[in-house]
Amino acid sequence: MTAQIQNTPSRHLAFISLALGFLVIWTAVLAGVLVSRTLKDEACAKETTRVFHSHEDVGKIIFALGHELVSTVDWMLSTTNKSDVDNIIVTWKITNSVMSKIKEDSMDRWVASIISMLDTLQERLTVFRESISDAKSNPLSTVKFYLDLCDWILQRCFLLDYTGQHLPIPNLPYTLFVRGMAQRFGELALGTIYVKSDIPINKSEFFKLRTGSEELMEASFHFTPRARTKWMELQEQEPGVQKVMTAVVEDILSSSSLKGQKELANNYLDCVKEQIAMLLLTKEVLNASLSSWVERLSQRSHNTLAFHMSIAIVAVVAVILCLVVTSCSCSYLSRGQPDVEKHNSQMPYSVLEKSVLSSNMKPQC
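Residues numbered from 1 in each chain as written. Predicted model: local features only at pLDDT ≥ 70, side-chain atom pairs only at ≥ 80, totals over all residues. Heavy atoms only, no water.

Under the annotation held in an unreviewed UniProt entry, the protein carries the name Nitrate/nitrite sensing protein domain-containing protein and is attributed to Stegodyphus mimosarum.

Structure representation (structure tokens):
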């Protein structure tokens, strides 16, 4: 009887441990599900960071090509000897250095698509630069070449559904801004041709680029208020830029009486430089805003993964502990049962008889 009483707490402990074990097992399963989902979010955050850096590199390339476009058109209209490329070669070196730096960074981040694109881009630029001294080359074909080159880069690198995954990446505002920036450079190049030469430009193409750049950049600013604020501040700091740009647009729409005037050309070229500086500063603000967003996303995913992993580890340890306690209790019970039977078999017959008789006795009144 004493052994049975001693085994009762062990039996209760075994049942309690087993029940807690099942409960903790369910907790561990739920924690495992959370960890698996968080691992997917972590992988998505890493892919988001990689794609954002790729888009940032593309923005640098587009800006360098746009600056080279405007500088090349200005050089072609300013020089009579196209074989003298000493003035424009400085701009080419700047573009080459930008692409070389991006290529090094892309190799560190293992972005194979950017590396292969840069190789093709450098080949096409080399061929074009060698043919720019040809007497048959003209500024309009130069504008078309650079715009087609920018469109090729954007179509290849800016995908809203990147690698088949809908990533929570701010590639939409960045794509809109860079596309608008490329069209703005095309507008500035055509405007330079208009004010510095008698070459007729395609007015519909000019207004298409102007309207498209304004709409795309405005749509981009809808997602990034800081970039909009910076752009408006820069416009307010240089009110003369907008006046000259508006005067050129109105002249293109009306009589073209200002076409080819030297004074207007000088003012317009100064405004072009200011516009390029504004685009660069606004792009940097946009980069900073989106980069902070991506960093917060990555940090939040990392913290969530660490929290869920800690829950899963604690749950697994609790399951192991419950199983150990249950196993020990069951082992103790299995060892205690033969001892009880042995104790009963060794009891004298008289004692057993007395216990049986005492159990059959009825109380007397």
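Next comes the rest of the write-up.
Attention now goes to the overall build of the protein. Regarding its fold elements, the protein presents 10 helices and zero strands. When the helices and strands of the protein are listed from N to C terminus, the series reads α-α-α-α-α-α-α-α-α-α. Every one of the 365 residues in the protein was classed for burial, and the buried ones make up 41%. Restricting the contact set of the protein to residue pairs at least 6 apart, pairs at least 24 apart contribute 83%. (Helix = DSSP H or I, 4+ residues; strand = E, 2+ residues; numbered from the N terminus. Buried < 20%, exposed > 50% of the residue type's maximum accessible area, 1.4 Å probe, protein only. Contact = heavy atoms within 4.5 Å.)

Per the stated rule, a full pass over the model turns up seven aromatic pairs. Taking the centre distance of 6.1 Å and the plane angle of 45° together, the rings of F177 and F221 count as tilted. Taken together, the positions of F177 in helix α5 (residues 171-196) and F221 in helix α6 (residues 203-223) put the pair 44 residues apart, joining distant regions of the chain. In this structure, F177 and F221 share a single accessibility class: buried. (Phe/Tyr/Trp six-rings, centres within 6.5 Å; stacked < 30°, edge-to-face > 60°.)

Mean pLDDT for the protein: 75, with 69% of residues reaching 70 or above. Mean pLDDT across the elements of the protein ranges from a minimum in helix α10 (residues 349-360), with 45, to a maximum in α6, with 90. Note that pLDDT drops below 50 for residues 160-168; the model gives that stretch 19 contacts with residues more than four away or on any other chain. Within the model, pLDDT remains below 50 along residues 349-365, and this stretch shows two contacts once partners closer than five positions in the same chain are excluded. (pLDDT = per-residue confidence, 0-100.)

Another point: the environment of K196. For K196, the location among the structural elements is in helix α5. Apart from the residues within four sequence positions on either side, K196 is in contact with D74, L77, S78, A265 and L269. Here D74 takes part through its side chain, which lies 2.6 Å from a polar atom of the side chain of K196. (Polar contact = N/O pair within 3.5 Å; in protein donor to acceptor, adjacent residues only side chain to side chain.)

Take the pattern of salt bridges next. In the structure shown here, the tally under the stated rule is eight salt bridges. Here E218 makes a salt bridge to R228, at a shortest N to O gap of 2.4 Å. Residue E218 is found in helix α6, and its partner R228 is found in helix α7 (residues 225-237); the two are separated by 10 residues along the sequence. Of the charged contacts in the structure, one is a salt bridge between E284 and K283, with a shortest N-O distance of 3.7 Å. Accessibility expressed as a relative area gives 41% for E284, which makes it partly exposed. The network of salt bridges with shared partners includes R184, E187, R210 and E214. (Salt bridge = Lys/Arg side-chain N within 4 Å of Asp/Glu carboxyl O.)

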